[in-house]
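# What the coordinates show
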Amino acid sequence: MLRDIITIDESKCNGCGACAHACHEGAIEMISGKAHLIREDYCDGFGDCLPECPTGAIQIQKKEAAAYDEIAVQRHKQMSGCPGHQVQMFDRKEPEEVSVVQTSQLRQWPVQIQLLPIEAPFYDNAKLLIAADCTAYAYANFHQDFIQGHIVCVGCPKLDPVDYSQKLTAILSRNKIKSVKIVRMEVPCCGGLEMAAKKALQASGKFIPWQVVTISRDGRILDE
């Protein structure tokens, strides 16, 4: 069947293994120091590995390939373990009683990328926050540190079967956006959100300052 699937240029691959780590489906393995797509039916075509490759060795192409086999992927995950599916528990101390009630910093509705309008008054000269669904649950002070002063776009590339880059490109192109902040989880599937945002920034034809912040599964900021 004709579908989107990754291709790897071995001549550009430096053997760092970042793509294999980022591939939440287990479709990429390092063989003799080079990245290889070992199973076409494991590759969902989202391209979570693309933003992790430092040499540009990976591309998404539309070509004849085996259909994505979700059942085979789930079986593979059970055997090998995917970071985004691994069960974890965190040792938390009971919080002390807090006297100050924090207020929501949300400035607009809706927030889900698929529901957001392409044009709206709240975009005018706005700071745009593009955030993965799980970030607000993992990071305790999300409203104060990230939502405050921003217009929020929320999504999950793993669960939503859409290309976010098209909607985000339209929003960036047709509104006066001041800056973009991308907040993602450390899990590989969040690479799809980061890639979509970067693709939209490039396709918008505008110079818009942007930043990526990564949140760990236990709620820490890993980099920004």
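Residues numbered from 1 in each chain as written. Predicted model: local features only at pLDDT ≥ 70, side-chain atom pairs only at ≥ 80, totals over all residues. Heavy atoms only, no water.

To continue, consider the pairing of strand β2 (residues 28-31). Relative to strand β3 (residues 34-37), β2 runs antiparallel, the two sharing four bridges. Following the sheet pairing, I28 is matched in β3 by L37. Hairpin remark: β2 followed by β3, antiparallel, with two residues in the connecting loop; positive phi at S32, about 50 degrees. (Pairing = 2+ DSSP bridges. Helix = DSSP H or I, 4+ residues; strand = E, 2+ residues; numbered from the N terminus.)

Quick look at empty space enclosed by the protein now. In the structure shown here, the tally under the stated rule is two cavities of 30 Å³ or more. Volume-wise, the largest cavity comes out at about 90 Å³. Around the largest cavity, the lining is made up of 14 residues, and of these C23, C43, D44, D48 and C49 lie nearest the centre. Split by residue class, the lining of the largest cavity holds eight nonpolar, three polar and three charged. Along the wall of the second largest cavity there are 15 residues; nearest its centre are C13, N14, C16, C19 and C53. Residue classes in the lining of the second largest cavity are distributed as ten nonpolar, four polar and one charged. (1 Å grid on protein atoms, 1.4 Å probe; cavity = no way out; pocket = protein on both sides within 12 Å on 5 of 7 lines; lining within 4 Å. Points joined across faces, edges and corners; volume = space filled by probe spheres on them. Nonpolar A, V, L, I, M, F, W, Y, C, P; charged D, E, K, R; others polar.)

One open sheet accounts for five strands, arranged β6-β5-β7-β8-β9; its pairing is mixed. Looking at the sheet topology across the chains shown, the edges are occupied by β6 (151-155) and β9 (221-223). Within this sheet the neighbouring strands show an average axis-to-axis angle of 25 degrees, counted without direction. Sheet topology places strand β5 (residues 126-132) next to β6; five bridges connect them, and they run parallel. Residue pairing for β6: L128 is matched across the bridge by I151. Docked against the sheet, helix α6 (residues 191-203) engages β5, β6, β7 (177-185) and β8 (210-215), running at close to 165 degrees with respect to β7. (Axes fitted to C-alpha atoms, helices over the stretch in contact; angles between N-to-C directions. Contact = heavy atoms within 4.5 Å.)

Turning our eyes to something else, we now look at the state of the cysteines. In this structure the tally under the stated criterion is zero disulfides. No disulfide involves C43; its sulfur sits 6.7 Å from the nearest other cysteine sulfur, which is in C49. C43 gets classed as buried once you look at its relative accessible area, which sits at 6%. (Disulfide = S-S within 2.5 Å. Buried < 20%, exposed > 50% of the residue type's maximum accessible area, 1.4 Å probe, protein only.)

Along the chain, W109 connects to P110 via a cis peptide bond; the corresponding omega equals 5 degrees. Positive phi values are uncommon outside glycine, yet N125 reaches one of about 60 degrees. For N125, the location among the structural elements is in the loop between α2 (70-80) and β5.

So, about the nonpolar core. One recurring pattern in soluble globular proteins is that nonpolar side chains are buried together. Of all hydrophobic cores here, the largest spans 41 residues; its most connected members are L128 and V180. Discounting chain neighbours no more than four positions away, the residues touching L128 are Y123, H150, I151, C153, I171, L172, I177, S179, V180 and K181. One finds C23, C43, A72 and V73 within the second-largest nonpolar core, a separate group that totals 17 residues. (Core = buried A, V, L, I, M, F, W, Y, C linked by side-chain atoms within 4.5 Å.)

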